[in-house]
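In case you want the letters, here they are:
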Amino acid sequence: MQFARSKITPDIDLTAQGKQIGCLRIPHSVHRSAYGWLPMPAVSIRHGDGPRVLIMAGNHGDEYEGQIAVSRLARELQHDEIHGHLLLLPMSNFSAAKAGRRTSPIDEGNLNRSFPGDPEGTPTAMIAHMIEEELLPHFDLLIDLHSGGSSLYYLPATQVLLQPNGSINPVEKTLANAYGAPFNHVMREEGKDHSAEAARRQGALLLCSEFGGAGTVTPETLRICEHGLRRALHAFNLTEHLPDYIDAPTPPRYLEIKGQEHYVYAPEEGLYEPLVTLGDEVSSGDVAAAIHFPASPAREPVLAYFTGEGVVVCKRIPTQSQRGDCLFHLASEWPA
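First, a word on what this report is: a plain description of the structure on this page.

Analysis parameters
Residues numbered from 1 in each chain as written. Predicted model: local features only at pLDDT ≥ 70, side-chain atom pairs only at ≥ 80, totals over all residues. Heavy atoms only, no water. 1 Å grid on protein atoms, 1.4 Å probe; cavity = no way out; pocket = protein on both sides within 12 Å on 5 of 7 lines; lining within 4 Å. Points joined across faces, edges and corners; volume = space filled by probe spheres on them. Helix = DSSP H or I, 4+ residues; strand = E, 2+ residues; numbered from the N terminus. Nonpolar A, V, L, I, M, F, W, Y, C, P; charged D, E, K, R; others polar. Buried < 20%, exposed > 50% of the residue type's maximum accessible area, 1.4 Å probe, protein only. Pairing = 2+ DSSP bridges. Contact = heavy atoms within 4.5 Å.

**Comments concerning empty space enclosed by the protein**
For step 1, the next point in the chain: Across all of its chains, the model carries 2 cavities of 30 Å³ or more by this definition.
For step 2, the next point in the chain: Size it by volume and the largest cavity reaches roughly 60 Å³.
For step 3, the next point in the chain: Elements that contribute at least two residues to the lining of the largest cavity include exactly helix H1 (65-76) and helix H6 (219-235).
For step 4, the next point in the chain: Looking at the lining of the largest cavity, the element that brings in the most residues is H1, giving 4 residues.
For step 5, the next point in the chain: In terms of residue class, the lining of the largest cavity is made up of 4 nonpolar, 1 polar and 4 charged.
For step 6, the next point in the chain: Volume-wise, the second largest cavity comes out at about 40 Å³.
For step 7, the next point in the chain: Around the second largest cavity sit Gln159, Val160, Leu161, Met187, Glu190, Ala196, Leu206 and Cys208, which together line it.
For step 8, the next point in the chain: No other element matches the 3 residues that strand S7 (residues 152-161) contributes to the lining of the second largest cavity.
For step 9, the next point in the chain: Partitioned by chemical class, the residues of the lining of the second largest cavity number 6 nonpolar, 1 polar and 1 charged.

What follows is the structure, encoded as structure tokens:
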């Protein structure tokens, strides 16, 4: 596997059989290091012919569940346990993940808003180009692991992107069911600059996730993330056996995330008081939150309202909020 146009170079042979642990070297010339590079960790596990799977975590650097789960998988899984090729990128936007930030401190790049990228661009743009143009054409499935990061918290869910005809790809549905998260979000479309659309453009199957967040991890979200990964790889026939500790999946509840009607934003700057909790069923017109103004304590709070109906699947974490910050979003029953 050659990186024909990218300036990013692997220090391991991605075509070789066996298990290799190394990095993808991202050129980074700065004052303290004229010919330096940034080490994006990469683990290639290859054994014979079979399915080819690319798993990303750390697309946003403050989303930790996937980074831990992929690191554990890298340690535990041996090459003779698979049939095919598995490439693991636990810190996809390396600089962002190292800093524990959603975006890179080097170029403020948001990797999941940077596809298809630019081989001559900033480090984040170079990573996006490398993933879409140099890696994805060689893989059958992309699994991109996300969470709510520092500012949001999600009920654990996988996500699939609808096909152009409005249906769910049956293989992706099988993978979501095998993953066994409590919910599966059905997405009508993603931004053209997202990894989901990058996978579509390159003809790869896709499974995304949103697990927890709040700048931390919990035993339950990690269990769902890690066990689900194992089950999905088994369902995709990359692994022949499941570890004994992996329990059977519970089919997820399928929910649809629609447009802006499913999102609630802070109407003013202040301290936000949530008036609902995750998992609540709400209707259009219900009160979502109150914005308080301690600097003007006599001022009445301003209320934010839901404009759609569904299940509260995501909420903002920091209480201090500015106008335009997302406070909640919903998902409603998927009709199909």
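**Considerations on the layout of surface pockets**
For step 1, the next point in the chain: Quantified by volume, the largest pocket comes out at close to 710 Å³.
For step 2, the next point in the chain: Of the residues contributing to the lining of the largest pocket, the split by class is 9 nonpolar, 15 polar and 9 charged.
For step 3, the next point in the chain: Volume-wise, the second largest pocket comes out at about 150 Å³.
For step 4, the next point in the chain: Among the residues forming the lining of the second largest pocket, the class breakdown is 4 nonpolar, 2 polar and 3 charged.

**Concerning the environment of Pro164**
For step 1, the next point in the chain: Along the chain, the position of Pro164 falls in the loop between S7 and helix H4 (170-179).
For step 2, the next point in the chain: Residue classification places Pro164 among the exposed residues on the basis of a relative accessible area of 89%.
For step 3, the next point in the chain: Sequence separation between Pro164 and His129 is 35 residues, and the spatial gap between their C-alpha atoms is 24 Å.

**Some remarks on the pairing of strand S14 (residues 287-292)**
For step 1, the next point in the chain: Direction of pairing for strand S12 (residues 270-274) relative to S14: antiparallel, over a ladder of 4 bridges. Of the residues in S14, the one forming a bridge with Glu273 is Ala290.
For step 2, the next point in the chain: With 4 bridges joining them, S14 and strand S15 (residues 302-305) adopt antiparallel strand pairing. Looking across to S15, one finds that Ala289 is bridged to Ala304.

**Considerations on the sheet that holds S15**
For step 1, the next point in the chain: Across the sheet, 4 strands lie side by side as S15-S14-S12-S17; this open sheet has antiparallel pairing. In the strand order of this sheet, the two ends are held by S15 and strand S17 (320-321), each with one partner.
For step 2, the next point in the chain: Pairing of S12 with S17, which is carried by 2 bridges, proceeds in the antiparallel orientation. Across the sheet, residue Gly270 finds its bridge partner in S17, namely Ser321.

**What to know about the environment of Lys192**
For step 1, the next point in the chain: If you trace the backbone, Lys192 turns up in the loop between strand S8 (183-187) and helix H5 (195-201).
For step 2, the next point in the chain: Sequence separation between Lys192 and Gly100 is 92 residues; the distance between their C-alpha atoms is 25 Å.
For step 3, the next point in the chain: If we skip the residues at most four places from it in the chain, Lys192 touches Phe115, Glu197 and Arg201.

**Quick look at the side chain of Asn169**
For step 1, the next point in the chain: Here Asn169 shows up in the loop between S7 and H4.
For step 2, the next point in the chain: Judged by its relative accessible area of 14%, Asn169 is buried.
For step 3, the next point in the chain: Beyond its immediate sequence surroundings of up to four residues, Asn169 is in contact with Gln163 and Leu205.

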